[in-house]
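# Structural overview
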Amino acid sequence: MKLRSVRGTHDLYAEDIEKHNLIKNTVSKKAELNSFNKLETPIFEFSELFAKPLGEQSDVVLKEMYSFKDRNDEMLTLRPEYTTPMIRAAITNNLLNELPLKVFGLGPMFRRERPQKGRYRQFNQINFEIFGTKDFMADLELIIIGNDILKSILPNSKFILNLNTLGQKNNLYEYKTKLSKYFIDNKEKLSEDSREKIQTNPLRILDSKNDIDIKISNNAPTIHEFISTDEKNHFLDIKKALDHLNIKYIENDKLVRGLDYYCSTVFEFKTTELGSQDTLLGGGRYDGLIGVLGGPDIPGVGWAAGIERISMLMKPIEDGLNKVHLAITDKKYNSHIQILMNYLRKNNISFYWNYKYNIKKSLSKANSNKIKYVIIIGEDEFNNKYYSVRNLITGNQSKLKDNEIKKYIND
Ligand code: HAM
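Residues numbered from 1 in each chain as written. Predicted model: local features only at pLDDT ≥ 70, side-chain atom pairs only at ≥ 80, totals over all residues. Heavy atoms only, no water.

### With respect to the overall build of the protein chain
Cut-off, in case you're wondering: In DSSP terms, a helix is any run of H or I states spanning at least four residues, a strand is any run of E spanning at least two, and both are numbered starting from the N terminus. In this setup the radius of gyration rests on C-alpha atoms only. A globule is expected at 2.2 Å times the number of residues raised to 0.38. Three exposure classes are used, based on accessible area relative to the maximum for each residue type with a 1.4 Å probe and protein chains only: buried under 20%, partly exposed in between, and exposed over 50%. Per-residue and other accessible areas follow the Shrake-Rupley method at a 1.4 Å probe size, with only the shown protein chains counted as cover for residues. His is not counted, nor are the chain ends; Lys and Arg add positive charge and Asp and Glu add negative charge. By convention, the point assigned to a charge is CZ for Arg, NZ for Lys, CD for Glu and CG for Asp.
Secondary structure assignment for the protein chain yields 15 helices and 16 strands. For 411 residues, the compact-globule estimate of 2.2 N^0.38 gives 22 Å, and the protein chain exceeds it by more than 25% at 27 Å. Every one of the 411 residues in the protein chain was classed for burial, and the buried ones make up 48%. Total accessible area on the protein chain stands at roughly 21700 Å², and carbon and sulfur atoms take up 48% of it. Positive and negative side-chain charges of the protein chain, numbering 62 and 54 respectively, have mean locations separated by a distance of 7 Å.

If you want it as structure tokens, here you go:
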């Protein structure tokens, strides 16, 4: 058997793992700052949790879920997204007694999509949700947190917020009926993919990437005729606040999102730097969903972002600058290196030693790893109980006692 990984999955190591860690650390700090508590759920759930909320006719449910029968004949599914498991967990653990509930989570999701750049079958998401308020400030807060996280991880990338409103579920229902009629009248011109969606999911035709579909969609009725004054005001409040905060956005009335549970505000942060998989972060309101899943009839809003997509835009991480390499000329001096290693551990100074007794090789390894400091132990260092610390950037070398090392490398 030829050993290989499953299509659409990837192993993480070296720089990728550092990038993922940096993203996760930033997210955890921002979550704490904004008082979101972590909520972790299992990677699989009963299949019935997903089918109805995500939409029986959505691509995810129709083609992409990894579902299997357990030994006791129960159908289980590897979670394709995090919102429904989070709601399930909030209900089953009685977390909805005190509202609003603000939660976040990080972890792997699974969708059997066609793999391509930025699209995988196992990928990692960051997820933020607020359960229990209809206040536009919750939508706003989530957009700001998303913007903040992306800006601090990707200070040099360009991404832009796209915004739309879908109105309440009944508005959306009326709109879908009108949209289906419009697309039936133009059926002959539509792509085959879009034709299949006319009855089942006409909204998705609006975000088709086919040129002719786009032309036809440009003349389609828009949701705005169907939206109530309350919903219009909710949307207006968000836009006014974003203007006030100087957060740029595009109003995009073709933005419908891929999952069925959305209504009211929807948003995506998009980039031009990733090709066709251009959405870094997407989300919106799902008022009604918590009730559908068996919880109280309370509103909800949230977003998820793809860690792999964010990491693809990150600049290389300059590792090593804080790290120290150790170099020793002979086994005879091992006791001296043991004292040093203990000192470094105690003082949280990250170090590396390859168990080789060859200064030349150790220095060349440190150079190729772009390490700033090498601590050298030879006969004189051993006999006179000191360490030679070399700065590989300046070439300077100093004789130091162990308790002088921390200050020296931190200066
Ligand atoms: P989504 O748009 O399906 O929304 O996914 C959110 C983000 O996950 C995407 O913008 C993308 O960055 C990333 N992503 C999705 N699929 C893949 C894939 N196959 N490979 C790599 N990255 C991917 C949701 O999942 C909703 N649950 C978001 C939400 C939370 N809405 C409300 N609350």
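Resuming the write-up.
### Side note on helix H12 (residues 334-346)
An α-helical turn contains 3.6 residues, so a residue and the one three or four places further along point in the same direction. Rules: A helix is expected to reach a length of 1.5 Å times the quantity of its residues less one. Pairs of residues are marked as contacts when any of their non-hydrogen atoms sit within 4.5 Å.
Helix length check: H12, at 13 residues, gives a terminal C-alpha distance of 18 Å against a target of 18 Å (1.5 Å per residue), a fit within 8%. Buried positions along H12 lie against strand E12 (324-328), strand E13 (351-352), strand E14 (373-377), helix H14 (379-384), strand E15 (387-391) and helix H15 (402-410). Phi for asparagine 348, located one or two positions after H12, is positive at around 55°.

### Topic: the site of the ligand
Note the threshold: Nearness here has a simple test: a residue counts as near a molecule or strand if at least one of its heavy atoms is within 4 Å of that partner. Think of a polar contact as two N or O atoms within 3.5 Å of one another; within protein, one of them needs to be a possible hydrogen donor and the other a possible acceptor, and neighboring residues in sequence only count if both atoms come from side chains. The classification used treats Ala, Val, Leu, Ile, Met, Phe, Trp, Tyr, Cys and Pro as nonpolar, Asp, Glu, Lys and Arg as charged, and all other residues, Gly among them, as polar.
Around the ligand, the structure places 27 residues, and the nearest of them are Glu81, Glu113, Tyr120, Tyr261 and Tyr262. Contacts to the ligand include glutamate 81, whose side-chain N or O atom sits 2.6 Å from a nitrogen atom. A distance of 2.6 Å separates a nitrogen atom of the ligand from a polar atom in the side chain of tyrosine 262. For the ligand, whose free accessible area comes to 660 Å², the fraction covered by protein is 95%. Counting only elements with at least two residues in the shell around the ligand, the list comes to strand E6 (122-131), strand E10 (279-285) and strand E11 (300-306). With six residues, E10 is the largest single contributor of residues to the shell around the ligand. When grouped by side-chain class, the residues that make up the shell around the ligand number 10 nonpolar, 10 polar and seven charged.

### Digging into the pattern of salt bridges
Selection rule: Salt bridges are counted wherever a side-chain nitrogen of Lys or Arg sits within 4 Å of a carboxyl oxygen of Asp or Glu.
A complete count under the given rule lists 18 salt bridges for this structure. Between lysine 134 and glutamate 231 there is a salt bridge, and its shortest N-O distance comes to 3.2 Å. Placement of lysine 134 in the loop between E6 and helix H5 (136-153) and of glutamate 231 in helix H9 (residues 229-244) is noted, with a sequence separation of 97 residues between them. By relative accessible area, lysine 134 is classed as partly exposed at 33%. The exposure class of glutamate 231 is buried, given its relative accessible area of 4%. Overlapping salt bridges, with partners in common, bring together Lys134, Asp139, Glu231, Arg285 and Asp287 in one network.

### Examining H5
With 18 residues, H5 should cover 26 Å at 1.5 Å per step; its first-to-last C-alpha distance of 26 Å lies within 8% of that length. Between a side-chain oxygen at the N-terminus of H5 and the backbone nitrogen of methionine 137 the separation is 2.9 Å; the capping residue is aspartate 135.

### A closer look at the packing of helix H1 (residues 14-33) against H5
Operational definition: An axis is simply a line fitted to the C-alpha atoms; with a helix, the fit covers only the stretch in contact. Between two such axes, the angle follows the N-to-C directions and lies from 0 to 180 degrees. Should an angle fall under 35 degrees it is called roughly parallel, over 145 degrees roughly antiparallel, and 65 to 115 degrees roughly perpendicular, with every other angle called oblique. Two helices crossing with the near one rotated counterclockwise from the far one by less than a right angle form a left-handed crossing, whereas a clockwise rotation gives a right-handed crossing.
Look at H1 against H5: their axes get within 10 Å of each other, and the N-to-C directions meet at 140°. When the axis of H1 is compared with that of H5, the two are oblique. Taken as a pair, H1 and H5 cross one another with a handedness that is right-handed. Contacts between H1 and H5 involve Leu22, Ile23, Thr26, Val27 and Lys30 on the former and, on the latter, Asp148, Ile149, Ser152 and Ile153. Considering only residue class, the contact of H1 with H5 consists of five nonpolar, two polar and two charged.

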